[in-house]
Amino acid sequence: MLYENRKALREVCDKYEESHPDIKIELTYRETEELRSNFQSSAIGGSGPDLIYGPSDQVGPFAVMGIIQSLDELFPSSFFDQFLSNAVVRFQEKTWMVGDGVGNHLMLMFNKELISTPPESTDELIQMGKSLTKDLNGDGIIDQYGLVWNFTEPFFYVPWIGGFGDWFINDDGSPNLNTKSNENAFAFIKSLRDEHRIIPKECDYETANALFKTGRAAMIINGDWSWGDYRDKVDFGIAALPMVSSTGDFPTPLVSTKGYSINVHTTGEQLSHTIDLMTYLTSPEVQLHYVRRLNVQPSSLAALAHPNVQSNSLLNQNADIIKKGRPMPVVPELRAIWDALRGEYQSVLAGTKDPHAAAVESQRKAIDQIKTMNVVIEPGVQGKFIKGLLFLFIAALGIVFWIKKKIYLRSFQENKFAYLMLLPAFLGIMSVIIFPFGYNLIISLSNFSLRTFKHWEIIGFHHFASVLTDGGFYSLFGKTIIWTVVNVSFHVSLGVFLAVLINRTLPAKRTFRTLLIIPWALPQYIAALTWRGMFNQEYGSINLILNQLLNMSPIQWLSQPVEAFSACIITNIWLGFPFMMVVALGGLQSIPKEMYEASQVDGASRWQQFWNITLPMIKPVMIPAVILGTIWTFNNINVVWLVSNGGEPSDLTHILVSYVYKAAFNLYRYGYAAALSMIIFLILSMFTVVFMRRSKLDTVV
Amino acid sequence: MSKKIETLFIFSFLVLFTLATLYPALNIIGISLRTDDAFQSRSLALWTSESSFRSYVTLFLKTDFLTWMKNSFLVSFVVTLTGVVLASTSGYALSRFNFMGRRAVLSSLLMTQMFPATMLLLPFFILLAKLKLINSYLGLIIIYSSTALPFCIWQMKGYYDTIPDALEEAARIDGCSRFSAFTKVILPVSAPALVITALFSFMASWSEYVVAAIVLQDPGLYTLPLGLKSFQASLSTQWGLYAAGAVVVSIPVMILFISLSRFLVSGLTVGSVKG
C-alpha cells in the first residue's frame, strides 16, 4: 500500500475514532504477498486482524481456506446495491469483499512535455517510441526511452493477450494460454525490445518508475495507483493502452477492486463493531475523501454521482479506460496461472524459447500446477498405518523411559549441577526448535494444502515419494550443490588467503581486518537488495564499472539464468568470506612463531611452509567452521530470494530452500514443502556425519 | 629489499581489495544522499550536486524511526542478556561434565541448524498464538534467544574446552563451590568468547525481519527492520528513506563489530578440538 494511501486511511480512521471514543483502530501494513502469507499463518493460529484490506484476487484463496467470512449474512442486501457491481466481490455464489474504489488497472501515461497526443495504435506507438528513444549526449548510450514499464511481470503483460484476441483465463478458472494471441503477444513484446528498441533491455518496476519520473522516458504503462507519486513531478496525461494495429482490438487491462473482508475468527461484539467500521470505510463520505486526496475511482454509486467526481476530468477519462478492461479473476487457480505464465514468458524474453513452444508449455504447466494445488489426497490404509506407527513410537519412547527411569534418575542425581546449568537453554530450544520440527514432521506426512487448510489428515509418505520421483528435485539439488560448493570454497580460500596476508607484519594491519569484516556486519537483507540494484543491466554500478574500466558490453545479470545465478553467488561470496577470514585469523594466532623459524632454517620455501605448517595447524579450527558454513550456505534463502527476486528468470535460480518457501507460501503446498524440508534436513545430517568421520573429527562432539 | 617490495605489493593488493569490498556499503550511503528519483542514474559518483542529507532529516523528524530504534534496542538488549547467560552456563555443562545424553545434546544443537528456517515459521506462529504471545515482545524474545542459542552454546563450549581443568580444580581446593568456581574463575577468563556470544545474539535480533513480521502487528511495537520495510512498498519504494534507514540500522552493528574485532579473532572458536 502506498505511503500516501496509508496516510489517507489513517486520516479517515482518526475521524472515526473521534466519533466513537470507545473504539481504537489499529492499522498494520503488509505488502500484498506478505499480507497473504501472514494472514494465512495467523488464521491457522486462530487470530489475526478483524478487517483485512487487500486486492480482490486474494478472495479466492482466503475463501477456499475458510479464513474469511461470507458477508451475505452480515449485511442487508441493500448494502451491496450501493456499489458498482465490480466492487462487490463474489466467489462461489457468496460475497466476500466490498471495495472502496475500483481500478488498479494499467493504462498508458505520457509526459506532456515530450508528447502532445498519445499514440492510438501500436504502429503509432512504435513510431513515436522510435523518435523518442534517444541518445542525447552522443556517447552511444540511450538516455531517453520512448516507453518503459515492468514488462516482465504477467500482470503487466496479459492486457496484450486480450489485444490480440483471446483471454488468458476461461470463465471457469482454467488457463487459456496455448493460443495464437498469447504467442503473438509474446512476440510483440519481444519485438518492442529487440527489433524496435523502444524499451530498455532490463526494466523492473523501480527502474521504469524512476525513468518516467525524471523525464527520461516519454511513456510508461502503469496503474492508477501511481498518479499520486507522479502528480508533483511530471506533467502527465493518461490514455488507454493503444489499439493493436494488426487486430484492431484494444488491450484489456485487468480491473479490480481493493476492499475489505472480515476475519472468520471475529465474532460477537467485536464483529458488530467491525461491521460498523467497514460500513464507514466504504461509505461515500470516505470515498470522496479519497477522491480529493488520491484521485481514486469511487465504487459507491452515491460518490460517483457527486459533482466533485462528475467534474473531475482525470476520473472521467479513467472511467473510459476502465470500460476497455476486464475484471480481475478471483479464483485461487489464478496464482498457478501467473506462475506458469511468468516462467515461460521470461524464457521468451531471455531468448531461450520461441513463442509457440512457450505458449504450449505455459498451458501445460498451468494445468499441472492447478492439479497439484487442488489435489486432496485421501488418507488411505497407509495413513492409518502411519498414524498407528507414530502412536506406537511415542508409546515405545514412554516405555523405554519408564524402564530406564532409575538410570536416568541416578544420572541426574550424579550430575545435578550439569543438568541444572543446561536446563533453561534446553527448554528454550526445545520449545522453539524441537516442537516446530515435530510439527513439520507430522505436516510432511499429511495432506495439508489449499483445500484442506482447516481439516488436514495424515496420509503417509506421498509427498516424500512425489519429491523423490520428480526430476525437478534433482536439478534443484544439483544447483544447490553448485551453490554450496562454489560459495564455501570461495569463502574458505579467500578467507584463509586474506588471513595469511593480514597476519604478516603489515602497516595498518588492524584497519584492514576491521574494514574487511564489514560485509559480515551489514544486515543481510540490506546487502542483498543493494547488490540487486548494482546488477541492473543499465544503471547498476557493476556494468558501469565493467564498461568504463574494461570497455565490456553490459551483461544482462538479472534476466539470463546463468548470469542471475552467478549474481546470487557473487553476492553471497561477498557476504560470507569475512567469517572464514576471522576464524582463520584466530587459527593463525595459535601457531607458534618458532615453527616457522625452524622450517626456515631447514630451507623451506614460503609455499612449503604454507602447506606443511599453516594449513595443518589451522585445519582443526577451519573444519567445524566449514561444516557450519556449508549448512548455513545450503540453507541460505535470503540472498537467492532477494537478488533473483524470488527465482527469476523463469524459476531457474532456485535452490532447495527457496523452492520450499515458494511451494509453501506461493502454491499453498504445505505438506509438500514440509516433506522437502525433511529431505533437506536428512541430506545435511548425512553430509555432516560423513564429513566429520572423514576428517576424523567426531571428537568434536 | 625484496621483502620490502613484497610487503608493498601485498599492501597495495589489500588496499584495492578492501576498496572493492567496501564499494557496496558505500553505494548504500550514496543512494541515501540522493533524491528518490535519482536512484537510477548512470553516475558512479557517491556525492553529486543533487546530494543532500534530506532523507536523514525526514527519517528522524517525520517518521517513527526513533520509536523503532528504541524497540529494537530493547528487544536486542534482552535477547543478548538471555543469550549470554544461557549459553555460558549450558556451554560449561557440556564442556566439563560427562553426563548421560551429552553427545545427543551436542549433535542435536548442530542439527537445529540444518532445518530450513522458513518452515519453522508456521509452527512458531501456532505456538505463540496458543500461548497468547502474538503482538508481544516476550514471544519475539523467546524465539530470538532460542534460535541464536545453538550456535552460541557450541561456541562457548569450544572456548571452555581450551581452558585447562586445573584452573577450577585449584579454586575448588581453595574451597569454592562448583558454581562460584565457574563464575569467579572461568567466566572472567572467557571474556572473549562471551563477547562473541553477545555479538551473535545481538545480531540475531537486531536485523531480523521474517519472524518479527509474523509476531508484531501493532506498528507501535515495530522493530527497525519492520519499520524499514514499510518504506519499501512493492509499487513505490521511498529509496532515499530506505537507504538512509539502512545506513542508520547498520551503524550500531558496525560499531560493535569494529570495537570487538579484537575479541572476534581470539574468541571465535567454533568448536575447536580439546587439547
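Please read these numbers as outputs of a predicted model, since none were measured by experiment.

Asks: Sorry if this is basic, but what is going on with the interface of chain A and chain B here?
Replies: Where interface size is given, it is often the accessible area lost as the parts come together that is meant. Facing 126 residues of chain A, the contacting portion of chain B comprises 110 residues. Summed over both sides, the interface between chain A and chain B buries roughly 10700 Å², with carbon and sulfur atoms accounting for 74% of that surface. Where chain A meets chain B, there are two salt bridges. Ionic pairing is found between B:Glu6 and A:Arg606, a salt bridge with its closest N-O pair at 2.9 Å. Where chain A meets chain B, there are eight residue pairs in polar contact (both at pLDDT 80 or more). In terms of residue count, the dominant contributor to the side of chain A that touches chain B is helix α19 (residues 416-444) of chain A (17 residues). Taken together, the residues of the side of chain A that touches chain B sort by class into 84 nonpolar, 27 polar and 15 charged.

Asks: Looking at this structure, how should I read empty space enclosed by the protein?
Replies: Applying the stated rule across the entire model yields four cavities of 30 Å³ or more. Computed from the structure, the largest cavity encloses a volume of approximately 110 Å³. Lining the largest cavity we find eleven residues, and of these A:Tyr29, A:Arg30, A:Glu31, B:Lys229 and B:Ser230 sit closest to its centre. A breakdown of the residues in the lining of the largest cavity according to their chemical character gives four nonpolar, two polar and five charged.

Asks: Can you help me understand the domain arrangement of chain A in this one?
Replies: All names here are of chain A. Domain parsing of chain A yields domain 1 (3-101 + 257-327), domain 2 (106-252 + 332-374) and domain 3 (467-700). If you average the C-alpha positions of domain 1 and of domain 3, the two centres end up 46 Å apart. Across the boundary between the two partners, domain 1 contributes seven residues, which contact four residues of domain 3. Across the domain 1/domain 3 interface, buried area totals approximately 460 Å², and carbon plus sulfur atoms make up 45% of it.

Asks: Can you help me understand the packing of aromatic side chains in this one?
Replies: In this description, an aromatic ring pair is defined by two values, namely the gap between the centres and the angle between the planes. All names here are of chain A. Overall, the coordinates contain 62 aromatic pairs over all chains when judged by the stated rule. Considering the side-chain rings of Phe-535 and Trp-557, the 5.0 Å spacing of their centres and the 55° angle between planes classify their relative orientation as tilted. Residue Phe-535 is found in the loop between α24 (524-534) and α25 (541-550), and its partner Trp-557 is found in the loop between α25 and α26 (561-589); the two are separated by 22 residues along the sequence. As far as burial versus exposure is concerned, Phe-535 and Trp-557 are alike and both buried. The aromatic ring of Phe-250 is capped on one face by Lys-324, whose charged end is 4.6 Å from the ring centroid. The ring of Tyr-672 is capped by Arg-669, whose NZ or CZ atom sits 3.9 Å from the centre of that ring.

Conventions we followed
- Residues numbered from 1 in each chain as written.
- Chains lettered and ligands numbered in written order.
- Predicted model: local features only at pLDDT ≥ 70, side-chain atom pairs only at ≥ 80, totals over all residues.
- Heavy atoms only, no water.
- Contact = heavy atoms within 4.5 Å.
- Buried area = accessible area lost by both parts, 1.4 Å probe.
- Salt bridge = Lys/Arg side-chain N within 4 Å of Asp/Glu carboxyl O.
- Polar contact = N/O pair within 3.5 Å; in protein donor to acceptor, adjacent residues only side chain to side chain.
- Helix = DSSP H or I, 4+ residues; strand = E, 2+ residues; numbered from the N terminus.
- Nonpolar A, V, L, I, M, F, W, Y, C, P; charged D, E, K, R; others polar.
- 1 Å grid on protein atoms, 1.4 Å probe; cavity = no way out; pocket = protein on both sides within 12 Å on 5 of 7 lines; lining within 4 Å.
- Points joined across faces, edges and corners; volume = space filled by probe spheres on them.
- Domains from an automatic or database assignment.
- Phe/Tyr/Trp six-rings, centres within 6.5 Å; stacked < 30°, edge-to-face > 60°.
- Buried < 20%, exposed > 50% of the residue type's maximum accessible area, 1.4 Å probe, protein only.
- Lys NZ or Arg CZ within 6 Å of the ring centre and 35° of its normal.

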